[in-house]
Structure formats: structure tokens, C-alpha cells
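A structural walkthrough
Letter by letter, the chains look like this.
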Amino acid sequence: MPETQPSGPLAALPYILPLVVLAIIMLRGTRPRTLVIDRLWIQPLMLMVLGGLVVFIQGAPSPMGMVLLPLALIAGAGLGWWRGRLTRLSVDPETHTVTSQVSPVGLALLGGIFLLRFGLRAYAMKNPGALHASVADITDAMLLIAVGLVCAQRLEVWIRARALIAEARAR
């Protein structure tokens, strides 16, 4: 029995929902936010554990996946480091409170990753064998890009924030 595709407004939901989430993330990123550097490790740790579990549950990756997954993690880490470098940090000289604000380029980078993910997904669905990788390998790779991005960004911000606080305390 063939599955029917949703029609009408429901057909657009898989495209609209991620765009709404991206818009919320971008709006939140335009405002300066207080940064608690002692807690910057929590989200990356959770993502590493969850990402590792998802990849582990999928089973052993294909030979293409064995090449693709480490490259995805490295690419995500590189993008995360770059995004972390683009984050503006400031320290209140009296309270030593750190605030962070993502730059417009950092927000555009995040939007570009979202667009790449959806473009790649649409292409893979229309041309299943063209990428020479299984759907599981592609989804795991996209997950590892996100894990690498968040972990490297948080590490970069943590290193810079600690240096700024030490400098503020020395004055």
C-alpha cells in the first residue's frame, strides 16, 4: 500500500518549522546575552553524548561513512571555531560579568549551514544514489557537523572569556 504525502498546509510544515526555529535563533543572537563561563561545557557535553549515542545506535558506518563522519566532525569544529572567533565578548570592568553577541557574519554562517542541510537533504531524496552514501551516514554527518560546531564555538568563547576576565581583574 503506497504512502500518501500530506497536501495543503501540512506539506509545507517540514520546511516552515525549521525556518521558524532558525528565525528565533537569529533573533536571539542579535541581542547581547550574559555569559556564564562556568556553564559553557554543559551543552557541548550533552551534544557529544547524544550525538555519540545516535551514531552508535545506527551501527557500524559504511566505508564511505568512515571517511565522511570524521570529516564532518572536523568541518563542524572548523566552522565552530570561526563562529566563536566572530562572537563579540565584553566584560564589565566592575562586576566582571561577560556578555556575548554573535556577529552578523556568525548568524549568516548558521543560516548557511541550515540551507546547506536542507538543500543536501532535498537533493539526496530526489537522487538517492548520487551521493554514494547511505541516508544514515548523511544524517550522522550532519549531526556531527552540529556537534563539532557547538563544541568548538563554546571552547573558543570560553578561552577568550577567561582571558578577558583575567585582564579585567588585573586592572
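Just above, that's the structure.
Heads up: these notes are all about the structure in this document. Remember, predicted model here, so these are calculated numbers, not experimental data. (Residues numbered from 1 in each chain as written. Predicted model: local features only at pLDDT ≥ 70, side-chain atom pairs only at ≥ 80, totals over all residues. Heavy atoms only, no water.)

Running from N to C, helix α3 (residues 63–86) and helix α4 (residues 104–126) point in directions that differ by 155°, and their axes come no closer than 8 Å. Between α3 and α4, the crossing angle belongs to the class labelled roughly antiparallel. Of α4, the residues touching α3 (which contributes Leu79, Trp82, Arg83 and Leu86) are Val105, Gly106, Leu107, Leu109, Leu110 and Ile113. Within the contact of α3 with α4, the residues separate by chemical class into 8 nonpolar, 1 polar and 1 charged. (Axes fitted to C-alpha atoms, helices over the stretch in contact; angles between N-to-C directions. Helix = DSSP H or I, 4+ residues; strand = E, 2+ residues; numbered from the N terminus. Parallel < 35°, antiparallel > 145°, perpendicular 65-115°, else oblique. Contact = heavy atoms within 4.5 Å. Nonpolar A, V, L, I, M, F, W, Y, C, P; charged D, E, K, R; others polar.)

On to the side chain of Ser100. Residue position: Ser100 is located in strand β3 (residues 98–101). Note on Ser100: relative accessible area 15%, which makes it buried. Dropping the residues within four chain positions of it, Ser100 is found in contact with Arg31, Pro32, Arg33, Leu35, Thr87, Arg88 and Leu89. (Buried < 20%, exposed > 50% of the residue type's maximum accessible area, 1.4 Å probe, protein only.)

Let us look at the pattern of salt bridges. Under the counting rule described, the total for this entry stands at 2 salt bridges. Here Arg85 and Glu156 are joined by a salt bridge, their closest N and O atoms 2.9 Å apart. Taken as a pair, Arg85 in helix α3 and Glu156 in helix α5 (residues 135–170) lie far apart in primary sequence, 71 residues in all. Judged by relative accessible area, which is 45%, Arg85 ranks as partly exposed. Looking at Glu156, the relative accessible area reads 9%, which means it is buried. Measuring nitrogen to oxygen at the nearest pair gives 2.6 Å for the salt bridge that ties Arg171 to Glu167. On the basis of relative accessibility, which here comes to 42%, the residue Glu167 falls in the partly exposed class. (Salt bridge = Lys/Arg side-chain N within 4 Å of Asp/Glu carboxyl O.)

Note: strand β2 (residues 88–91) against β3, 4 bridges, orientation antiparallel. When the bridges of β3 are listed, Val91 appears paired with Val98. Turn length for the β2-β3 hairpin, with the two strands adjacent in sequence and antiparallel, is 6 residues, and the turn residue His96 shows positive phi of about 60°. (Pairing = 2+ DSSP bridges.)

With that settled, consider the sheet that holds strand β1 (residues 33–35). Spatially, β1-β3-β2 is the arrangement adopted by the 3 strands of the open sheet, whose pairing is antiparallel. Edge strands, defined here as strands with exactly one partner in the open sheet, are β1 and β2. Here the average twist between neighbouring strands, direction ignored, is 35°. Of the pairings in the sheet, the one linking β1 to β3 comprises 3 bridges and is antiparallel in character. Each bridged residue has a counterpart across the sheet, and for Thr34 the counterpart in β3 is Thr99.

None of this, on its own, says anything about what the molecule does.
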